[in-house]
Structure formats: C-alpha cells, structure tokens
Amino acid sequence: MKRDASLRRVLAVAGMTAITVLVSSTTSQAAAQANPAISQQEIKLQNQLLTIHYHRQTGTMDIEWRDGHKLLGITSGARLEDGRQLSTATYTEHELDRTPHAASATAGHEYTIRSTAAGQPGLLQHIWIYDGKPWIAIEAELDPKDGAVGTRHFDAVMLKGSDTVQIGESKSLRVLHVPFDNDMWFRYDSVSAADLKPSQLVTSDEVTALYDNTSRQALILGSITHDTWKTAIEAHAADGQLTDLDIYGGISSPTGVRTDTHDTVPHGIVHGTHVVSPRIFIGSFSDWRDGLEAYGAANAAIHAPLKWAEGAPMGWNSWASYADKIDDRRYLGSAAFVRDTLVPLGFGNHKVVYINFDAFWSKLDAVQLTDAVATIKAMHGADGTRFEPGIYWTPFAYWSDDLDAYVEGTNMKYRYRDILLKAPDGSLLPKVDGGLAIDPSHPGSKARAAYYLQQFQKLGFQYLKIDFLSHGALEGVHFDPAIQTGIQAYNLGMKQIVDVTGNHMFLSLSIAPLFPSGYGHARRLSCDTKGHISGGDQSTEYMLNSLTYGWWTSKNLYITDPDHVVLGEKADQGARNVDEGKSRLLSAIISGGMVLDSSRLADDPQGRELAQAVYNNRPWLAVGAEEKTFRPIEGNTGDKATDAFVRASAHGVYVAFFNYDEKHAQTITIPLDRIDKSLATATVTVIDVASGTKRDSAHADLSVKLSPSASTLVELRWK
C-alpha cells in the first residue's frame, strides 16, 4: 500500500528502529514485545517514552508520556457530505486489526483500530509509534469496505473538556498560530492562553506548538501529509488552559480573500473508496524549539526537500530597486557594480552570484532580454566568481482582464477564460492580490507552464522566482474531476514545474503555502520585506517575526529566503543609514545566509555608498556562508519578533541582537542559562564577530547596548 511505503521511507530517513509494545505495565520499559496488550477495557501500545491507552468502552484514546505530559480523551471523526456526524466516541465496537507487522526487525509498526456501529460507515484510526522517540502519528480513514463516501471536514484528532491537555510544568501556556502562507503580511502569533476568553477561538494552519516559554516544555501537533487537505487547528481556552482542540482536514471558515487560505468557496469534498485524513504528528518535548525541528524533520522524511548543490544563493534582484522601471541598462549596471565593488568584499556564496529580473522583465524586447542574459553569463569577478541570470514568473495567477487572450504555448487552442479556476456556479473566483486564479489541472495551463519553463531554460536562466503560488491552492471546480481539493491541484501544478526544470534551475518560491513542501529549493519566510527596521509590514522586524517562529523550516522544508536587502532611500523602503542597513543584512545572515540585494546599484549614489559600507563585513558573510539558521532564545513575543537569536559555533554559540526602535538606544539583557543551561554559573568570553575584538566577559547575564535601528553579532566562547 502507498501508506506502508511512505511509512518505510519515514523510518529509513529518520533512522527509527522497531517499536516496542509492552504486554503489561510490569514488563521492563526497555524490552520489546511483538504484540500489544489487549483487554476488554483497553488496547495498550507503548514504547520507552510514552503509552497509548485506547479505551474500548468509550472510543477514546489517552497518550501519556514519561515526562508527565498527557493528552486525554482523543477521538477521531468526520462530517459526511450527507450531513451525518461521525465520532469514534459514538461507535459501539473498537477492535485492533490483526494486520501483519513489518517483516524486518528494523521497520516500524502501524496499528489500526477499527470502530464499527450499525448503520454507520467504519472508521479506522491508524497509529504509528517508534522506538525511543517521544512522538507518534495518527491518521483516520473511512473504511473502504463501506463503499464510496465523502467529507470536506475530517477530524483526525479531537479533544474536549478541561484537563485534556496537560503539560508538566506549564504555568503560562501558549498556543502558536502558524499562517497557511506568507501572503498579505500575515504574522506568526504566540498566543497566551490566559488572554483568551472562553468563547474566543485560536487557530493555526497545519501545525501548532502548545508550550510554556519559561520551562520550554511543549506538545507539538501538526500534519505531516499534505497531498489532499488544508489542515486546520482550532482551540478554546479558559483560565489559562485549553478546553478543546480540533485538528482536521478541510479548513472551512472563515472564507474570504484576506483570510488565511484566501478561499471564497468551501474546502473541496474528498470522496471515493479511500478517504483518509491528514496524518498528525503528536510529540512531547522538553524544549518547544526541539519539537518544531523534529516536526520539520518528520515532514522532510515523507517529502524530501529539493537540494541545490551550490547552497543558499547570493545576488541581486530588481523588484525593490526598480520595479516597473527596470530596463536592460539598470539590470546590467547593477550587475557590474556587484562584480566590481561587492564581490571583492566577499559577496557571493560558492563563487556564484545571481542577477535576477523580477516582475516587469517583459518590458524588455526579445533582443534586449537575450543580450542581457548573454552579458550576465559572460561576467566573472576578478576572483573567478561567475554570474548567472534569474527571472520571475507566476504560474497560477493571471494579471489581465482580457479573458479572450490566447494562452501561450497552446497554439491558440485555449483562451484565458478557459483555464481560469471557477466557483461551483461557473463564475470566476474573486481576484487575490489583483490576480485571477489559474486552474493547474487544465490542459491549457499545463501547456502554458511547459512553454514558459522551456523558454526560460532555453534562454539560459538558472534562477526562477515563482510567485503568487497560493492561487494554485485555492478551492474551486477544477477541470480534472480527479482533483477534488486545492491542495491536490497545487501538488499537481508544482510537480510539473519540478519535473520540467529537472533541478537545472534554482526554484525560489515567493508567496506560497508553507505546505506541501519539496517543490522549491527556497521559500520566502515572509511576505515582501524591504530595508526599514520597523514600522509594521515590509520591515526587518516583520520578517524576523517569521524567523522567530518559523526558523525550523530551514533545510527541513526549504532554504529560508529572508527576501531583499534594500539600501538607500530611492529604493522602495530602503535602509536610511548604515546601522539600519547592517541590521537588514544581519537578519538575512541569521536566516541561513541567502542574501539578495535589491538596492539601486546602477545609478543611486546613496544606495551604492550604503552597499559598500554594509557588505564590507567578511566575518558576518563568513557566518552566513555556513548556511546555518539561528533560532529564537525566547518565544513569548506574541505577533512580534524576538530581539535575540542563537546558534551553535565552533567554540560555543553565536548570538544576534536587534534593536527595533528607530529613535532610541536600547540595552538587551539575557540570562546566560537561557542560552545554554551549562552557563548558569559560568564566565564566558564574548567576541564581537565583525571586528574580532573581545568585549567584557559575561557572567550570569549577557548585556548589549544598541544604538537606534542597530544590531550586533557576538560569539560566546567556552569550549
């Protein structure tokens, strides 16, 4: 079965060994038995770190971890298209299927509990547990023996009632909101449960962390299959504790172009003889940051990220600098400045620099575009750095109101009105971000995609920024009847792009859903970001909110793209001084080292001057070239960015600090044991990375004073 094959892949990649299922509670926790413990009252599955009690009288499931964390009363269910509401709690029989275990001693085990009742379709719960791991996976399925059924709301994990979520030392529970995509300057939000009213709903898309920031203890819950559903997480709280939690496939409300998924019609109905919910990862961790990284790795094990041999790119992009005023002179002039001025300062990972057109490259005629590409490919820095051209495209969005225009690549067989996504009544979906949604399943759309991708490669472009991809995931009536949901359509369209480019072009996803991953080498952490330190949308602080709570996507899902470093006031919201510019650069460095400048380097004296000052920092660039992403020290900042990030170094750790205040200096102080528990009573050497000089040693606390809009990178050495 496909499910078994994907499970074996998860286990092989993650290095998991066979689970241990103990027959009784008196058996040694380290011993492994071949069979679960079954009685009339319960089915018990466990490994060394957790126990699952499935209560056969109630159709509910408890998960208890050795660290004291608990989820109590889990059920699964579905709302069928005929109006019936299913829940394992209402079924009368709950049996463990006697399916064969994996033959190999190193393979994992899947267990299936079948719930049945007269007059109801069977409801299956597939459970995976792994030896020595603090997480499991749960997936629900409508029994294929009962014939074709359908649902647009499939509850994989439901909990109702107080005390159903118990996190050991949780004094101030938080619920992490993760946006579906990075459009419209949506933010991550670490919501305090204590601030929620009983009637107030807190939501997340695909994954959440339930955690206490002080103790860092956490439960992580999120989908790890993304072939069909948009997965919603909804919760209520009272008196600082969750009172219910629902994780389901089929995000349904609210709808509207400015809501999380931008949908204006309900989630598609999934019907057939094999209807399966999202598979949900559930894990307990002593540190919420470790938990989110483990969740990211679990996704990577099922759908591996694309790899690019030359790693995180560095280069230049035309959007914030010239936008619709781009021409071949400005494009090539900017490239020449990068070659002659920035490359000698150390700009360019792996001795390659990308010079990228953004939107409005079509203002160049065919001769100008061909000549510009040839000029870039002929460029080399004095140190041998080569230059590669990049281009921009929107595969799933149409920007004209001329619906009778012929679709490129179709030999005039289709007009755009044919390939646009429709609502159930046949009307066009509303515009999102000013663009109409293209149906990825339409043969005209597929021909159009093949045409553009082949032309880009024929011209010699090696970098492709693909934008407004969420249009391809919108719900609607698709041309291909086998496509029942927006996510199925998105997978289809993105797979074509990957197949046609064949890993010969660097695929950079701009506005795009977080999941499914595996279709781009890089994805923007956030929506458009420019050069101002603060001020809401498009600021460095805004982007670092996404790093604060989304750093774990790095390498597990994509290379994290921090968007453009914009310098100079003639560019769109460009940095206004050196400190602000350096902060924007440092935000890119700590995001994993992908740096795309978008300053007016061809003709703006201020932009050029700032670029020389900001990029003249080989030590920072060297840290970025290691392509390792920093993670937050604290996670209690709501929908704002934290001001300190950390990652390991050869001698200890690097710590990056940011002052988001444009007008006032600030002193930031962090207890050393929040950086590393071993430093609680230690004295550590503090090195300013940019200059290599020693600062005052730190004991108990680390303090830095920053000028307005400024930042700094230090290394703590104790190893």
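Conventions adopted
- Residues numbered from 1 in each chain as written.
- Predicted model: local features only at pLDDT ≥ 70, side-chain atom pairs only at ≥ 80, totals over all residues.
- Heavy atoms only, no water.
- UniProt positions renumbered as here; feature names shortened; annotations may be inferred.
- Salt bridge = Lys/Arg side-chain N within 4 Å of Asp/Glu carboxyl O.
- Buried < 20%, exposed > 50% of the residue type's maximum accessible area, 1.4 Å probe, protein only.
- Helix = DSSP H or I, 4+ residues; strand = E, 2+ residues; numbered from the N terminus.
- Expected span 1.5 Å × (residues − 1).
- Contact = heavy atoms within 4.5 Å.
- Axes fitted to C-alpha atoms, helices over the stretch in contact; angles between N-to-C directions.
- Parallel < 35°, antiparallel > 145°, perpendicular 65-115°, else oblique.
- Left-handed = near helix turned anticlockwise from the far one by under 90°.
- Nonpolar A, V, L, I, M, F, W, Y, C, P; charged D, E, K, R; others polar.
- Polar contact = N/O pair within 3.5 Å; in protein donor to acceptor, adjacent residues only side chain to side chain.
- Pairing = 2+ DSSP bridges.
- Core = buried A, V, L, I, M, F, W, Y, C linked by side-chain atoms within 4.5 Å.
- Phe/Tyr/Trp six-rings, centres within 6.5 Å; stacked < 30°, edge-to-face > 60°.
- Lys NZ or Arg CZ within 6 Å of the ring centre and 35° of its normal.
- Arc of directions from axis to C-beta.

The protein chain carries the name Carbohydrate binding family 6 in an unreviewed UniProt entry, which gives Granulicella mallensis as its organism. Per UniProt, the protein chain carries the Sequence similarities (unreviewed entry) text "Belongs to the glycosyl hydrolase 27 family."

Enquirer: So what's going on with the pattern of salt bridges? Residues and values would help.
Expert: Here the structure, examined in full by the defined rule, presents 31 salt bridges. A salt bridge links Arg339 to Asp340, with the nearest nitrogen and oxygen atoms 2.8 Å apart. Taking relative accessible area as the criterion, Arg339 reaches 25% and is therefore assigned partly exposed. Taking the shortest distance from any N to any O, the salt bridge between Arg695 and Asp688 comes out at 4.0 Å. Members of the salt-bridge network, linked through shared partners, are Glu310, Lys377, Arg386 and Glu388.

Enquirer: Would you mind going over helix H4 (residues 328–342) in detail, with residue names and values included?
Expert: If you check H4, its first and last C-alpha atoms are 20 Å apart, about what 15 residues at 1.5 Å a residue would give, namely 21 Å. Arg330, Tyr331, Ser334, Ala335, Ala336, Phe337, Val338, Thr341 and Leu342 are the residues of H4 that are buried. Those residues of H4 hidden inside the fold are in contact with strand S23 (314–317), helix H3 (319–322), strand S24 (352–356), helix H5 (366–378), strand S25 (386–393) and helix H11 (605–615).

Enquirer: Any chance you could break down the packing of helix H9 (residues 540–550) against helix H10 (residues 578–589) for me, citing the residues and the numbers?
Expert: Contact geometry of H9 with H10 gives a least axis separation of 10 Å together with a crossing angle of 15 degrees. The pairing of H9 with H10 is recorded here as roughly parallel in orientation. Considering how the two elements wind past one another, H9 and H10 form a crossing that is left-handed. Every residue of H10 that contacts H9 at Thr540, Met543 and Leu544 is listed here: Ser583, Arg584 and Ser587. A class-by-class count of the residues in the contact of H9 with H10 yields two nonpolar, three polar and one charged.

Enquirer: Got a sec to walk through the environment of Thr485? Specific residues and values, please.
Expert: Mapping Thr485 onto the fold places it in the loop between strand S28 (463–466) and helix H8 (486–501). Separated by 209 residues in the primary sequence, Thr485 and Val276 place their C-alpha atoms 13 Å from one another. The contacts of Thr485, once residues within four sequence positions are left out, are Thr228, His267, Gly268, Val270, Glu475 and His478. Within the local environment of Thr485, its side chain forms a polar contact with the backbone oxygen of Thr228, the two atoms lying 2.6 Å apart.

Enquirer: Lay out the sheet that holds strand S31 (residues 559–561) with the relevant residues and their values.
Expert: Across the sheet, nine strands lie side by side as S31-S30-S29-S28-S25-S24-S23-S33-S32; this open sheet has parallel pairing. The open sheet has two free edges, formed respectively by S31 and strand S32 (564–565), since each of these has just one partner strand. In this sheet, S24 lies alongside S23 in parallel orientation, the contact comprising three bridges. Bridge pairing links Trp316 to Ile355 in S24. The sheet strands contacting H8 are S25, S28 and strand S29 (506–509), and the helix crosses S29 at an angle near 155 degrees.

Enquirer: Give me the lowdown on the nonpolar core, citing residues and values where you can.
Expert: The biggest cluster of nonpolar side chains holds 114 residues, and the ones touching the most others in it are Val338 and Tyr615. Each residue touching Val338, except ones within four places of it in the same chain, is listed here: Trp316, Val343, Pro344, Phe347, Val353, Ile355, Phe387 and Leu601. In terms of nonpolar packing, the next biggest core, distinct from the first, is built from 39 residues, Ile127, Ile167, Ala193 and Leu210 among them.

Enquirer: Give me the lowdown on the packing of aromatic side chains, citing residues and values where you can.
Expert: One pass over the structure, following the stated rule, counts 30 aromatic pairs. Between the aromatic rings of Tyr295 and Trp552, the centroid separation amounts to 5.6 Å while the plane-to-plane angle is 65 degrees, which identifies the pairing as edge-to-face. Taken as a pair, Tyr295 in helix H2 (residues 288–302) and Trp552 in the loop between H9 and S31 lie far apart in primary sequence, 257 residues in all. Ring pairing ties together the aromatic residues Trp135, Phe281, Phe285, Tyr295, Phe515 and Trp552, which thus form one cluster. Residue placement shows Arg279 over the ring face of Trp128; its charged tip is 4.0 Å from the ring centre.

Enquirer: Outline H11, listing residues and values.
Expert: Every buried residue of H11 is listed here: Gly607, Leu610, Ala611, Val614 and Tyr615. Each buried residue of H11 sits inside an arc of 110 degrees when the element is viewed along its axis, so together they form one side. The exposed set on the far side of H11, more than 90 degrees from its buried face, consists of Pro605 and Glu609. Here the buried face of H11 lies against H4, S32, H10, strand S33 (595–597) and helix H12 (618–625).

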